[in-house]
Amino acid sequence: MNAPVKTEDAFHQTIHQNHIWGLWEIASQMTPHPRPEAIAHQWKWSLMKELVKQSATAVPVGDERRAMQLFNPGLNGQWATTNTLIAAVQVLLPGEVARAHRHSPAAIRFIIEGSGAYTAVEGEKVIMKPGDFVLTPAWQWHDHGNETNETVVWMDGLDVPLTRSLNAMFFEMHQDIKASHHKPVNGSSALYGHGKLTPTWTRKRDSQYPFSPLMLYSWEQTAEALHDLRSHDGSPHDGILLEYTHALTGGPVLPTIGCRVQMIRKGEKTKSKRVTGSSVFHVVQGKGRSVINGKTFDWEKGDIIALPSWAEHDFANSGSEDAILFSISDKPVVEALGFYRESLS
């Protein structure tokens, strides 16, 4: 004889059948602190450099780019390096052109190897060198070309996971392989690449844009700024940390991606901290060690590291020269929504 169904069991069965769940059943998801599924993970340049060489013959460039996407092992095959960001290593051989396209995710490029290739953004041909940082704002026509005799490699950073979670993904291929290159080469650098000195006649027009009108942040200026500040105390948690900013407003370069560069000086070790929001770090120079949520990561030039939200982390220089790291983060979004918090040791 079947036992009678308890009233509370029948109730739960009914609400579940109608796509309803009680808060008492799911309240454990209201955690006392962030518990991201993404994990801290490192992609060693010793591996990526070999894959760059192999990709040159294994993968042709056509409508799609030769870009190797870095998937976070904790995210079960999602197109994501962290919960909001995707990083990739892109390779362009001499004479190649990556077809013009545009997409709603915003993107950045940080040049790792090779000089003289370009990204053309809304008609402006931006010539790139190692250490340069290039913007590709959302829904701007762009193509990549390599008119040199050397292979060019860069790190891509995009807010693809964030865009997908908002169901705001749009992509369009241009009818031509190259979009129009009708603006002066490196024209935005000529207008806006002078630090705090900006043209007054463009301020009202361009300051309303959510992204910086400066497309190229040169390594020459970045290295000079780091060098000039090297003797200052800096941050006990980040060393000498600089942020790339909107050329007119001083805000983030993109509304969804914050970009920074930091120097961990020879012999320096920072205090640990936690922050809400995730980051991806690329080692530009030097070597060091970071402990992330209790796990040790030894890093050196070229390595890329994913840092999840609220992960305790620090930086230590273990090499014979200053270490420099470039990073992207979702901090502009986290701050705009009022979610930013930090815990400093």
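A. Spotlight on the pairing of strand E6 (residues 118–121). Here E6 shows two buried faces, one formed by Tyr118 and Ala120 and the other by Thr119 and Val121. As paired strands, E6 and strand E7 (residues 124–127) are joined by four bridges and run antiparallel to one another. By the bridge assignment, Val121 is partnered in E7 with Glu124. The antiparallel pairing of E6 with E7 creates a hairpin that spans two residues between the two strands, and Glu122 there sits at a positive phi of about 50 degrees.

B. Molecular detail of the packing of aromatic side chains. One pass over the full model with this rule turns up nine aromatic pairs. Ring centres of Tyr217 and Tyr244 lie 5.7 Å apart, and the angle between their planes is 85 degrees; on these two criteria the pair is classed as edge-to-face. Pair noted here: Tyr217 is in strand E12 (residues 216–217) and Tyr244 is in the loop between strand E13 (240–243) and strand E14 (258–264), with a separation of 27 residues, a long-range link. By relative accessible area, Tyr217 is classed as buried at 10%. Taken together, the aromatic side chains of Phe110, Phe133, Tyr217, Tyr244 and Phe326 make up a single cluster linked through ring pairs. A cation over a ring is seen here: Lys331 above Tyr340, with NZ or CZ 4.8 Å from the ring centre.

C. Structural detail: the nonpolar core. By size, the foremost hydrophobic cluster in this structure holds 53 residues, and its most contacted members are Phe133, Tyr244, Cys259 and Phe326. Listed in part, the 13 residues of the second largest apolar core include Ala40, Phe297, Ile305 and Leu307.

D. The pattern of salt bridges, seen in detail. One pass over the full model with this rule turns up 15 salt bridges. Between Asp156 and Arg109 there is a salt bridge, with the nearest N and O atoms lying 2.6 Å from each other. With Asp156 in strand E10 (residues 152–158) and Arg109 in strand E5 (residues 107–113), this pair connects stretches of sequence that are 47 residues apart. Judged by its relative accessible area of 3%, Arg109 is buried. Residue Lys125 pairs with Glu147 through a salt bridge whose shortest N-O separation is 3.2 Å. Placement of Lys125 in strand E7 and of Glu147 in the loop between strand E9 (142–145) and E10 is noted, with a sequence separation of 22 residues between them.

Reading the values: the criteria
Residues numbered from 1 in each chain as written. Predicted model: local features only at pLDDT ≥ 70, side-chain atom pairs only at ≥ 80, totals over all residues. Heavy atoms only, no water. Buried < 20%, exposed > 50% of the residue type's maximum accessible area, 1.4 Å probe, protein only. Helix = DSSP H or I, 4+ residues; strand = E, 2+ residues; numbered from the N terminus. Pairing = 2+ DSSP bridges. Phe/Tyr/Trp six-rings, centres within 6.5 Å; stacked < 30°, edge-to-face > 60°. Lys NZ or Arg CZ within 6 Å of the ring centre and 35° of its normal. Core = buried A, V, L, I, M, F, W, Y, C linked by side-chain atoms within 4.5 Å. Salt bridge = Lys/Arg side-chain N within 4 Å of Asp/Glu carboxyl O.

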